[in-house]
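Working through the structure, step by step
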Amino acid sequence: MTSLSSETSLTGADPSKPSGSAPAMVIDDVVKRFGRGNDIVTAVDHVSFNVQQGEFVSVIGPSGCGKSTLFNIIGGLLGDYDGNVLIGDERISAPHPEVGMVFQEESTFPWRNVIDNVAFPLELQGVAKSERMDRAHHFIDMVGLANFEKNYPSQLSGGMKQRVSIARTLVSQPKILLMDEPFAALDEQTRLLLGDKITQIQQQLHQTTLLITHNLTEAVQLSDRIVVMTYRPGRVKRIVNIDLPRPRTSDVVGSDAFGHYVAEIWNDLREEASRGMADSETAASRRGAHG
Amino acid sequence: MAATGEMSARPRPVAAPVMGGEASARSAFFLRLACAAFVFAAWEGLSRSGLFYGEVVPSLISIVRAMGVLLVDPVFWTNLKVTFLEVAASLAIGTLLGVVTGIVLGANRFLMRAFEPYIYYLSPTPRIILFPIMIMWFGVGPSSKIALGALSAFFAVALSTAAGMRQIDQILIRVGRSFRASKWQMATKIYLPAMKIPVLNGIRLGMGTAIITVLLAETKLSNQGLGYLIMQVYTRFDMPTLYALLIAVFAIAGASNALIGRAIRE
Ligand SMILES: Nc1ncnc2c1ncn2[C@@H]1O[C@H](COP(=O)(O)OP(=O)(O)OP(=O)(O)O)[C@@H](O)[C@H]1O
Ligand SMILES: [Mg+2]
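Please read these numbers as outputs of a predicted model, since none were measured by experiment.

Description of the pairing of strand β8 (residues 176-180) of chain A
All names here are of chain A. The element β8 is largely enclosed, with a buried count of 5 among its 5 residues. Going residue by residue along β8, you find I176, L178 and D180 tucked away on one face and L177 and M179 tucked away on the opposite face as well. Note that strand β7 (residues 99-102) and β8 share 4 bridges and pair parallel. Paired with M101 across the bridge in β8 is L178. Bridge count for β8 against strand β9 (residues 208-213) is 5 bridges, and the pairing is parallel. Across the sheet, the residue bridging to I176 is T208, located in β9.

Let's talk about the interface of chain B and chain A
With 14 residues of chain B at the interface, the matching set in chain A holds 24 residues. For the pair chain B and chain A, the summed buried area comes to about 1700 Å², and 68% of that belongs to carbon and sulfur atoms. Per-residue buried area on chain B facing chain A is highest for R174, F179 and K189 of chain B; these three make up 36% of the total on that side. Between R174 of chain B and E105 of chain A there is a salt bridge whose closest N-O contact spans 3.0 Å. At the boundary of chain B and chain A, one finds 5 residue pairs in polar contact (both at pLDDT 80 or more). Where the side of chain B that touches chain A is concerned, the elements lending two or more residues are α8 (170-178) and α9 (183-220) of chain B. Grouping the amino acids of the side of chain B that touches chain A by side-chain chemistry returns 8 nonpolar, 2 polar and 4 charged.

Considerations on the site of ligand 1
All names here are of chain A. Taken together, 13 residues lie near ligand 1, and S63, K67, S68, T69 and R232 sit nearest. In this structure, C65 approaches ligand 1 through a main-chain N or O atom, which is 3.2 Å from an oxygen atom. In the environment of ligand 1, an oxygen atom lies 2.6 Å from a nitrogen or oxygen atom belonging to the side chain of T69. In isolation ligand 1 offers 640 Å² of accessible surface; the protein chains occlude 64% of this area.

Regarding the packing of helix α5 (residues 109-122) of chain B against helix α7 (residues 142-167) of chain B
Axis angle and axis distance: for two packed helices, these are the angle between their axes and the distance between the axes, and together they describe the pair. Residues and elements named next belong to chain B. In contact at an axis separation of 11 Å, α5 and α7 are set at 140° when each is read in the N-to-C sense. In terms of their interaxial angle, α5 and α7 are classed as oblique. The crossing of α5 and α7 is left-handed. In this structure, α5 contributes M112, E116, I119, Y120 and L122 to the contact, and α7 contributes F155, L159, A162 and R166. Residues of the contact of α5 with α7, tallied by class, amount to 7 nonpolar, no polar and 2 charged.

Brief notes about the pairing of strand β10 (residues 225-229) of chain A
All names here are of chain A. The buried fraction of β10 is high, at 5 of 5 residues. Judged by which residues are buried, β10 turns out to be covered on both faces: R225, V227 and M229 on one side and I226 and V228 on the other are all buried. Relative to β10, strand β4 (residues 56-60) is paired through 4 bridges, and the arrangement is parallel. By the bridge assignment, V59 is partnered in β10 with V227. Inspection of the sheet shows β10 paired to strand β11 (residues 236-241) by 5 bridges, in the antiparallel sense. Following the sheet pairing, R225 is matched in β11 by N241. Between β10 and β11, which pair antiparallel and follow one another directly, the connecting turn spans 6 residues.

Observations concerning the coordination of the magnesium ion (ligand 2)
All names here are of chain A. Around the magnesium ion (ligand 2), the donor atoms from the protein are S68 (OG) and Q104 (OE1), and they sit 1.9 to 2.3 Å away. Taken as a pair, S68 in helix α1 (residues 67-74) and Q104 in the loop between β7 and α2 (114-118) lie far apart in primary sequence, 36 residues in all. Judged by relative accessible area, which is 35%, Q104 ranks as partly exposed.

What to know about the pattern of salt bridges
Two side chains bearing opposite charge may form a pair once their charged atoms approach each other closely. Under the counting rule described, the total for this entry stands at 14 salt bridges over all chains. Between R191 of chain A and E218 of chain A there is a salt bridge whose closest N-O contact spans 2.7 Å. With a gap of 27 residues between them, R191 of chain A in helix α6 (residues 188-205) and E218 of chain A in helix α7 (residues 216-222) connect regions that are remote in the sequence. No difference in accessibility class separates R191 of chain A from E218 of chain A, as the two residues are buried. Via salt bridges that share partners, R112 and E123 of chain A together with K189 of chain B belong to a single interconnected network.

Re the sheet that holds strand β3 (residues 41-51) of chain A
All names here are of chain A. Strand order across the open sheet formed by 4 strands is β3-β2-β5-β6, with antiparallel pairing between neighbours. Either end of the sheet is taken by a strand with one partner, and the two such strands are β3 and β6 (90-91). Relative to β6, strand β5 (residues 82-87) runs antiparallel, the two sharing 2 bridges. Paired with I87 across the strands is E90, a residue of β6.

Here we look at helix α3 (residues 60-72) of chain B
Helical geometry note: an α-helix holds 3.6 residues per turn, so side chains three or four residues apart project in the same direction. Residues and elements named next belong to chain B. Between the first and last C-alpha of α3 there are 19 Å, a value that for 13 residues agrees with the 18 Å anticipated at 1.5 Å per step. When α3 is considered as a whole, its buried residues turn out to be S62, I63, A66, M67 and L70. End-on, the buried residues of α3 take up no more than an arc of 145°, which puts them together on one face. In α3, those exposed residues whose orientation departs by more than 90 degrees from the buried face are V64, R65, V69 and V72.

So, how was this worked out
Residues numbered from 1 in each chain as written. Chains lettered and ligands numbered in written order. Predicted model: local features only at pLDDT ≥ 70, side-chain atom pairs only at ≥ 80, totals over all residues. Heavy atoms only, no water. Buried < 20%, exposed > 50% of the residue type's maximum accessible area, 1.4 Å probe, protein only. Helix = DSSP H or I, 4+ residues; strand = E, 2+ residues; numbered from the N terminus. Pairing = 2+ DSSP bridges. Contact = heavy atoms within 4.5 Å. Buried area = accessible area lost by both parts, 1.4 Å probe. Salt bridge = Lys/Arg side-chain N within 4 Å of Asp/Glu carboxyl O. Polar contact = N/O pair within 3.5 Å; in protein donor to acceptor, adjacent residues only side chain to side chain. Nonpolar A, V, L, I, M, F, W, Y, C, P; charged D, E, K, R; others polar. Near = heavy atom within 4 Å. Areas by Shrake-Rupley, 256 points an atom, 1.4 Å probe, with all protein chains shown as cover. Axes fitted to C-alpha atoms, helices over the stretch in contact; angles between N-to-C directions. Parallel < 35°, antiparallel > 145°, perpendicular 65-115°, else oblique. Left-handed = near helix turned anticlockwise from the far one by under 90°. Donors = N, O, S within 2.8 Å, 3.2 Å for Na, K, Ca; no water. Expected span 1.5 Å × (residues − 1). Arc of directions from axis to C-beta.

The structure is reproduced here in structure tokens:
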């Protein structure tokens, strides 16, 4: 239990990380509101944390707490926000060349087959066709779709399509990888195995990774740190260091330490999730009373 | 009795899947054939019954003979060529203007809101009522037909292009942006492929209305074209040739529609 440290400071100074080097990404007091007048929803409320170079950080929180909103802000797709997201010295207001995004929604191009979908970012960069195909092939293989290169998305399952999107983002070899619930459509076993692959690459390439998830097992399995969010308005409730040894594989899921982390974070999450449930119930009953 | 009835009925569901594929396609074909045979027989019966005045329902044999004469008549071919060129020109103009207008309207919510009512309320009005104006502007020749045909193709193409533009899955656009696609790459690698089907469907609809409008205009006032020929034959009261002409028009319209349909599927 002693290994479970929580920090509330915004600097994210963490003794286990190489000190002195600048963080890869700074999220500083970010606020995002939707709507206007009486209909304002605060989706992200004064959120701050850092992600170090090569670090794997997960953001976990109940549905509707503003995770995807934060993801889009960091990815530069939602330029209109308060506070700062910094990568290097640059405030993000448009997609950054070093950032790759994997979206929560199904996002494959229906008119491209698997290999052409995955090769898409290379095509944009003007990489020659044969090299493009080689590199795409490598990542398709990695997500376990080698036999489906010529298939179109309509011929794939939801989980397979999601793996195509993951491969498509990995092929561009972003220095910073952002993923919004990329494994949500996968079964538990595939999720664990694909998680292993992602960790492998991440460790190999020393890739800075921010994973948005509401899956606790996944977060603990993969992360160096976990940012726990509150239910509306989305704030940082706690940041938890995961001091499990690396290299780490999905086998870690069975260990005692793993269980402790899960139990600990679950306590926080349960509070928030039940607030979320109660919120939507009262909203429903209010709507019922109106109707 | 009841028991045996049930017994004999049971194998049927097993047999059904066999009927599902090729066999059902074949029986559909036979049904179509039988239907055509029935219409021909009824037609011939009516024609011989003498119930109708003169040659209103000419015999099939005379229609076939008239068709033979028509197909070797250079007059038919020159008029067909005129109509074909008129439709092709209207479709080309209508498609070009329609795609551009559709993209502008689809991309700009404000413009769409401003102009949508015009397009929606104008598109179902019969274009032929504008024909007198077109004649004043463009004369009796092919130009007035092309203008009218282009106008009708334009609406079909513009509407389905605008709809296609707005129905593009927003997530695909976000994917393009996240990979920092240039404006040109966004247009050619995301918008165009995503809109190909709705645009081709619009062109198909546009061609249908262009053919209708051009032929209709030719029957009203012209000195060449298939519609003109139909009216000529009609005033001569040459019924077999009239029917032969109509069949030719049906065949041509059907074939061009099938051609575009195939292009869409590929
Ligand atoms: N474009 C928008 N306009 C208005 N409100 C929005 C918009 N996008 C998100 N919201 C609101 O912001 C809040 C957070 O949404 P968000 O999609 O970020 O949640 P999330 O944490 O990703 O949820 P989930 O886990 O279900 O994906 C929600 O209440 C949502 O209704
Ligand atoms: Mg989300």
